[in-house]
Protein chains: 4
Amino acid sequence: MIYNFKSDYSEGAHPDIIKALSNTNTEQLEGYGEDKYCLAAADKIRKELDSPGVDVHFVSGGTQANLLCISSFLKPYESVIAAQTAHIEVHEAGAIEFTGHKINKYPGLIGKLTPEQIQFCVDFHYDEHMVVPRLVFISNTTELGTVYRKKELEAIYEVCKKNNLLLYIDGARLGQAMKSYVSDVSLADIAKFADAFYIGGTKNGALIGEAVVITNPDIKPYFRYNMKQKGALLAKGRVVGIQFNELFRNGLYYKLAEHANNMAMNLANGIESAGYKFLAPPESNQIFPIFPNKLIENLSENFGFYIWSKHSKKTSVARLVCSWATKEDAIKAFLKSI
Amino acid sequence: MIYNFKSDYSEGAHPDIIKALSNTNTEQLEGYGEDKYCLAAADKIRKELDSPGVDVHFVSGGTQANLLCISSFLKPYESVIAAQTAHIEVHEAGAIEFTGHKINKYPGLIGKLTPEQIQFCVDFHYDEHMVVPRLVFISNTTELGTVYRKKELEAIYEVCKKNNLLLYIDGARLGQAMKSYVSDVSLADIAKFADAFYIGGTKNGALIGEAVVITNPDIKPYFRYNMKQKGALLAKGRVVGIQFNELFRNGLYYKLAEHANNMAMNLANGIESAGYKFLAPPESNQIFPIFPNKLIENLSENFGFYIWSKHSKKTSVARLVCSWATKEDAIKAFLKSI
Amino acid sequence: MIYNFKSDYSEGAHPDIIKALSNTNTEQLEGYGEDKYCLAAADKIRKELDSPGVDVHFVSGGTQANLLCISSFLKPYESVIAAQTAHIEVHEAGAIEFTGHKINKYPGLIGKLTPEQIQFCVDFHYDEHMVVPRLVFISNTTELGTVYRKKELEAIYEVCKKNNLLLYIDGARLGQAMKSYVSDVSLADIAKFADAFYIGGTKNGALIGEAVVITNPDIKPYFRYNMKQKGALLAKGRVVGIQFNELFRNGLYYKLAEHANNMAMNLANGIESAGYKFLAPPESNQIFPIFPNKLIENLSENFGFYIWSKHSKKTSVARLVCSWATKEDAIKAFLKSI
Amino acid sequence: MIYNFKSDYSEGAHPDIIKALSNTNTEQLEGYGEDKYCLAAADKIRKELDSPGVDVHFVSGGTQANLLCISSFLKPYESVIAAQTAHIEVHEAGAIEFTGHKINKYPGLIGKLTPEQIQFCVDFHYDEHMVVPRLVFISNTTELGTVYRKKELEAIYEVCKKNNLLLYIDGARLGQAMKSYVSDVSLADIAKFADAFYIGGTKNGALIGEAVVITNPDIKPYFRYNMKQKGALLAKGRVVGIQFNELFRNGLYYKLAEHANNMAMNLANGIESAGYKFLAPPESNQIFPIFPNKLIENLSENFGFYIWSKHSKKTSVARLVCSWATKEDAIKAFLKSI
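Residues numbered from 1 in each chain as written. Chains lettered and ligands numbered in written order. Predicted model: local features only at pLDDT ≥ 70, side-chain atom pairs only at ≥ 80, totals over all residues.

### Topic: the overall build of chain A
Here comes step 1: A count of helical and extended segments in chain A gives 14 helices and 13 strands.
Here comes step 2: Radius of gyration (C-alpha) of chain A: 20 Å, near the 20 Å computed for a compact globule of 338 residues.
Here comes step 3: Dimensions of chain A, computed from the C-alpha atoms along their principal axes, are close to 55 × 55 × 35 Å.
Here comes step 4: Counting only residues that meet the buried cut, chain A has 59% of its 338 residues in that class.
Here comes step 5: Put simply, of all contacts in chain A between residues at least 6 apart along the chain, 74% involve residues at least 24 apart. (Helix = DSSP H or I, 4+ residues; strand = E, 2+ residues; numbered from the N terminus. Rg over C-alpha atoms; globule rule 2.2 N^0.38 Å. Buried ≥ 20, exposed ≤ 12 C-beta atoms within 10 Å, placed from the backbone. Contact = placed C-beta atoms within 7 Å.)

Pasting the structure below:
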């Protein structure tokens, strides 16, 4: 095995983070996310978002963040609108439904939900025999590695506000979305457009952890009760706080995302030059080239990656993921093999 | 503040654990708990338990372990029997009930559930208008720092098996229970008596994480699906695996627990010598002295601890907790102050 | 078998109700509780309650009413305060917990919850590791056949409002409570004291059905969505509406309750005269005499009733229930047998 | 208003049913579905199904039957496969999701799920990040009034058994399906093909109630506990038992369904003769003609019916439903108006 492109969580954490965990290790701190590092990290995030009033909570993983937020924000009869490729729809083992809520799914467009689909969903549901759509779930980057443009987010946000819907963004790879070459939005913009979202750490250089941000005051109260109830309130909350404190000191979060994107773009460019197409345009650190099955077989001897889907009789879609730790050499070796 | 006796999760992790995280940091590993460190840690645990066939899963916290196991093991109409001091009953914000299950609580005896209470509960429930008690929840050490003796565990296990009940042990402080001066059981005994339990890391020197052990083959299948659904399947599962690999290399887990217990016993002996009584006999790293309110006020200037409950008009119960990191000096300073 | 005192739902419906169902049978009506009989019945109930603004919904049974209301009114982390004899605590197979909510139970006093217990429960819960008590559940008549006096209800209501708690009354036998010889409250009083309650039909002469009344405007919205979601929105809602339209025409509801109470009081008086005591003072149509086991055995040959509990080695508590249909002769026959 | 074609639950019950309720009214019977009429009705159903070993339970409505069965049969991580037109997917306000289970929906074919879709769903889900499809939900008649042929049911059943899936049939209009002119299956066939299903009463001449039938022994145990927990165990279970006892005495159930179908077929034939097309082939008592909006407007003055969906700019789909009580005159009047 030369390199594993399976995921952006194959390696540990950026060395600065390990160092910070080590340096603070013997300090006695408050539990449950109320220590000074959690507070400092939250402050840094608020500053980054240019939103002094938002609530920030640290949790251990993305599925946890999603199920926690959605179950906290919705009433029993309220539902979620999502693309059919959405992580919550396909890859969370029914986590949202376990908390009692339906997902109204729509085909999406290269991983993106459209304002028209949202409006259609709202119009389709009109009486007490049906659920009440109440929260729009989008992922940025999407599950296909694509990135929402500002005007797309604005349009979605507008249709949400017009219909009294909450907009929630799964930001497992929010850094990568911000640093995509196609991106024209900042984290501060995200805070303007979303009622709540999370800033992913696990997939951008943290050892573990995500930062949930709630901007809408209506859904802030009692969130920590929901955290405790869902097993998301970490006794040593410091573990995540210390990491985010590093990630948002001197722009480390962006640098790591940028590196992951750059590696993936190099990979994508090489693949394109070799004459292959993609399931979705490569815009971030996950790319989805369509390869002949024969080539996939050969590549598998030296590289790790997932087969995303069959494409035709003789071709399949591969998912290649770069991380903050991917080295140029791995890219070169891969491109040499195709 | 001289020292904080609030909890055994005030400090970070034992230095060996930080070192292991650092040393393995750049390795590319499988995600979701299927990496070599998780596998090795599970093997070490199986060896320690003298139970080659048990399943071991790593999760991020105790409430998560409890809600995950209970909701995984029970059918909708089945309930849990627990002491009224049980963590799941009082201090998990309704986590078990959120997963749909009733807790049948009984007064307990210095934190312990008795076989008689279990039998009473089973006998009390007899038709379809009532829940079916199906799982007995005990904590060892208990929430009052007391420790189950072997014959107590045997008696509980026996009444469980007689009544087709599962026995589940919350082992947030299982190491401390094993190393208590009153203890006559080993981890291997625990594996014999319990259908499932967890070995606590967070409160015994880990940065984060607990090891869920399932011994009963009937409740093993599909557990990872439940983990994913409850947000408990960590992408970087390595984070917990690496830690448990350290904890169960050369007996570190026991050494840390023993130290915490020793510090607490020194503290307890000093407090007793000073003429104070305890809510429950001091047997592990949590002790519950009854102090005059005036003394508590004075102590609070230099020491951190929780008031557990009011005891009389002029006295209250304090909770003092020692950890793997507590230093002799802190004990001495505290004893000097009473 | 001379007569069955097992329950007040052993017979069908009062003949007027059967007649009304028959007379309206061929009319084509709106579905889902929006027909003219449901509307008329709701209006009659509003008038009876002297509360023109309340919402009235018809459902098929008491457990359904309880789980529906509680799950509709509470947020995930909120809990219910109830007496340990409460129907929802003991005899609904975990229905409330299945909807995700904890019940904080207290011993009660002859079936009644006290304001002190409510206040204690509120004070006991103070941070995010614990549930937030939010709804007080009482049954009137209680599960022991006792009846809340006005000053008791006022005191409970007061402690509820002081602590931002909702007061919900299970009125499976609300008519019998109103017509108890000890009662000093009217249905209109109930509407003043409770945020929501239900008026029981099944146990007071209806074939099937209960009327849920919501007085607090904050918890009214979207209730029909919750009804549909829990399977409580009957396609032929008319079935319940027509019955309540009869029950609240010319005071039938009260007459039936009064008859049931009178029969039970005759029974109680005779039992008392014969020298037997009661578990709780006989105040409504359910009475709980303490009989020698030998007598119970003899009585069982000719009469149906439940053994409520063991009382001593040689005595047990029987539950005897009279209904709108119980005949004087049955009482006489029973009294002759003791 | 000449006639209301909105539903088959606009009228009360068949007169024989009202009579039976009246005749048995004063009898004292066991509660909770254990009376002699429930037992007799269950026996008649077993005979009709030629399946002496099946379990039969009576509940008050279809949504209740669906949520009760599905939540009773599935483990937390298991999901339901259904057509996107399925009642549980669209018109039960998220009832299934509230019990914790995901619905995997597929487009369907005139309301029917295909074996290929079922196999696709099974193949698509393969690891613990995804739900485990475990129960296939079909409605017969479908929500579009179409009827499954024997070979269709056989093919679905076969793919279910091959993949360890349960087959559950929503039989709100099962009588109408059996008596459709296209049907080649009997109730006994249904019992052979389905692991569980319900025989609809409410929409075929009963006042209220459905009969749940469980044929698969693995999913029978403890069903009554689930009934109680979901508020589905009626105190006066007799109410439904007496009705089904009538429906299955001398074939009343079939006669009523046949009449409803015949009326609808007359209507469909007349509409077809007048040159209109249908959204789905008319096969049972619900038909879906495509009418010009202008005509719909005119018809609405004299007839009640729902607009099912828009079809084109100038046309819409109407839903016309006939019942056991629909008279020939209503059909004639309607056909005269188009």
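### Notes on the relation of the copies chain A and chain B
Here comes step 1: At an RMSD of 0.0 Å, chain A and chain B line up after a rotation of 180° and a shift of 0.0 Å along the axis. Here the symmetry operator amounts to a two-fold rotation axis. (Least-squares fit on C-alpha atoms with pLDDT ≥ 70 in both.)

### Considerations on unusual backbone geometry
Here comes step 1: Here A:N140 and A:T141 are connected by a cis peptide whose omega angle stands at 0°.
Here comes step 2: Checked against the element boundaries, A:T141 lands in the loop between β5 (132–139) and α7 (150–162).
Here comes step 3: A positive phi angle is found at C:Y32, which is not glycine, with a value near 60°.
Here comes step 4: At C:A93, a position not held by glycine, the phi torsion is positive, near 50°.
Here comes step 5: Examined against the element boundaries, C:A93 turns out to sit in the loop between α4 (87–90) and α5 (95–98).

### A closer look at the relation of the copies chain C and chain B
Here comes step 1: Note on the copies: chain C fits chain B at an RMSD of 0.0 Å, the axial shift is 0.0 Å, and the rotation between them is 180°.
Here comes step 2: An overlap of 100% is found between the interface residues of chain C and their copies at the interface of chain B, pointing to a shared contact surface.

### Structural notes on the sheet that holds strand β7 (residues 196–200) of chain A
Residues and elements named next belong to chain A.
Here comes step 1: With mixed pairing, seven strands are arranged side by side in an open sheet as β2-β8-β7-β6-β5-β3-β4. Across the chains shown, the open sheet's two edge strands, defined by having one partner strand only, are β2 (55–59) and β4 (103–106). In this sheet, neighbouring strand axes are inclined to one another by 25° on average, regardless of whether the strands run parallel or antiparallel.
Here comes step 2: In this sheet, strand β8 (residues 210–214) lies alongside β7 in antiparallel orientation, the contact comprising five bridges. Paired with F197 across the strands is V213, a residue of β8.
Here comes step 3: Contacting β5 and β6 (166–170), α7 runs over the sheet at an angle of about 145° to β6. (Pairing = 2+ DSSP bridges. Axes fitted to C-alpha atoms, helices over the stretch in contact; angles between N-to-C directions.)

### Thoughts on the domain arrangement of chain A
Residue and element names in this part refer to chain A.
Here comes step 1: Domain boundaries assigned for chain A yield domain 1 (3–9 + 252–336) and domain 2 (15–247).
Here comes step 2: The gap between the C-alpha centroids of domain 1 and domain 2 is 26 Å.
Here comes step 3: Within the residue set of the side of domain 1 that touches domain 2, elements represented by two or more residues are α12 (252–273) and β9 (286–287).
Here comes step 4: Residue contributions to the side of domain 1 that touches domain 2 peak at nine residues, all from α12.
Here comes step 5: Residues of the side of domain 1 that touches domain 2, tallied by class, amount to 15 nonpolar, four polar and three charged. (Domains from an automatic or database assignment. Nonpolar A, V, L, I, M, F, W, Y, C, P; charged D, E, K, R; others polar.)

### Description of the interface of chain A and chain B
Here comes step 1: Contacts between the two partners involve 39 residues from chain A and, on the opposite side, 39 residues from chain B.
Here comes step 2: When residues of the side of chain A that touches chain B are traced back to their parent elements, those giving at least two are α1 (15–23), α3 (62–73), α5 (95–98) and α10 (223–229) of chain A.
Here comes step 3: Its residues placed into classes, the side of chain A that touches chain B shows 16 nonpolar, 18 polar and five charged.

### With respect to the nonpolar core
Here comes step 1: Counting residues in each nonpolar core, the largest one holds 226 residues, and the members touching the most others are C:V136, C:Y168, C:V213, D:V136, D:Y168 and D:V213.
Here comes step 2: Excluding residues within four positions of it along the chain, C:Y168 makes contact with C:C69, C:L135, C:V136, C:F137, C:A194, C:D195, C:A196 and C:F197.
Here comes step 3: Ranked by size, the runner-up nonpolar core spans 224 residues in total, among them A:A42, B:C38, B:I199 and B:A257. (Core = buried A, V, L, I, M, F, W, Y, C linked by C-beta atoms within 7 Å.)

### Things to note about the interface of chain C and chain B
Here comes step 1: With 16 residues of chain C in contact, the opposing surface of chain B contributes 16 residues.
Here comes step 2: Of the residues assigned to the side of chain C that touches chain B, the class counts are seven nonpolar, six polar and three charged.

### Let's talk about the sheet that holds strand β5 (residues 132–139) of chain D
Residue and element names in this part refer to chain D.
Here comes step 1: Spatially, the seven strands line up as an open sheet ordered β2-β8-β7-β6-β5-β3-β4, and their pairing is mixed. Either end of the sheet is taken by a strand with one partner, and the two such strands are β2 (55–59) and β4 (103–106). Along the sheet, successive strands turn relative to each other by an average axial angle of 25°, direction set aside.
Here comes step 2: Most of the contacts of helix α2 (residues 36–48) go to β2, to which it runs at about 125°, and overall it touches β2, β7 (196–200) and β8 (210–214).

### Describing the pairing of β5(D)
All names here are of chain D.
Here comes step 1: Burial analysis of β5 places eight of its eight residues in the buried class, which makes it a mostly covered element.
Here comes step 2: As paired strands, strand β3 (residues 78–83) and β5 are joined by five bridges and run parallel to one another. Paired with E78 across the strands is V132, a residue of β5.
Here comes step 3: A crossover connection joins β5 to the parallel strand β6 (residues 166–170) through helix α7 (residues 150–162); in handedness this β-α-β unit is right-handed. (Right-handed = clockwise from strand over helix to strand, strands pointing away.)

### Notes on helix α11 (residues 238–247) of chain A
All names here are of chain A.
Here comes step 1: Within α11, 10 of the 10 residues are buried, which leaves it mostly tucked inside the rest of the structure.
Here comes step 2: The complete set of buried residues in α11 reads R238, V239, V240, G241, I242, Q243, F244, N245, E246 and L247.
Here comes step 3: Those residues of α11 hidden inside the fold are in contact with α1, α2 (36–48), β2, β8 and α12.

### As for the packing of helix α1 (residues 15–23) of chain C against helix α11 (residues 238–247) of chain C
Residue and element names in this part refer to chain C.
Here comes step 1: α11 packs onto α1 with a crossing angle of 135° between their chain directions and a minimal axis gap of 9 Å. Relative to α11, the element α1 lies oblique. The way α1 lies across α11 gives a crossing that is right-handed. Only I242, Q243, N245 and E246 of α11 make contact with α1, whose side of the interface consists of D16, I17, A20 and L21.
Here comes step 2: Residue classes in the contact of α1 with α11 are distributed as four nonpolar, two polar and two charged. (Parallel < 35°, antiparallel > 145°, perpendicular 65-115°, else oblique. Left-handed = near helix turned anticlockwise from the far one by under 90°.)

### A closer look at the environment of C:V240
Here comes step 1: Within the fold, C:V240 resides in helix α11.
Here comes step 2: Spatially, the C-alpha atom of C:V240 lies 8.4 Å from that of C:A211, the residues being 29 residues apart in sequence.

### A word on the environment of C:K161
Here comes step 1: Within the secondary structure, C:K161 is located in helix α7 (residues 150–162).
Here comes step 2: Taking the C-alpha atoms as reference, C:K161 lies 44 Å from C:G275; in sequence the two are 114 residues apart.

### Here's the deal with the confidence of the model for chain A
Here comes step 1: On average, chain A scores 97 in pLDDT, and the residues at 70 or more come to 100%.
Here comes step 2: In the predicted complex, the global pTM is 0.97; the interface-specific ipTM is 0.97. (pLDDT = per-residue confidence, 0-100.)

### Things to note about the environment of B:A194
Residues and elements named next belong to chain B.
Here comes step 1: Assignment of secondary structure puts A194 in the loop between α9 (187–193) and β7 (196–200).
Here comes step 2: Residues A194 and G61 lie 133 residues apart in sequence; the distance between their C-alpha atoms is 20 Å.
Here comes step 3: Among residues more than four places away in sequence, those in contact with A194 are L167, Y168, I169 and T215.

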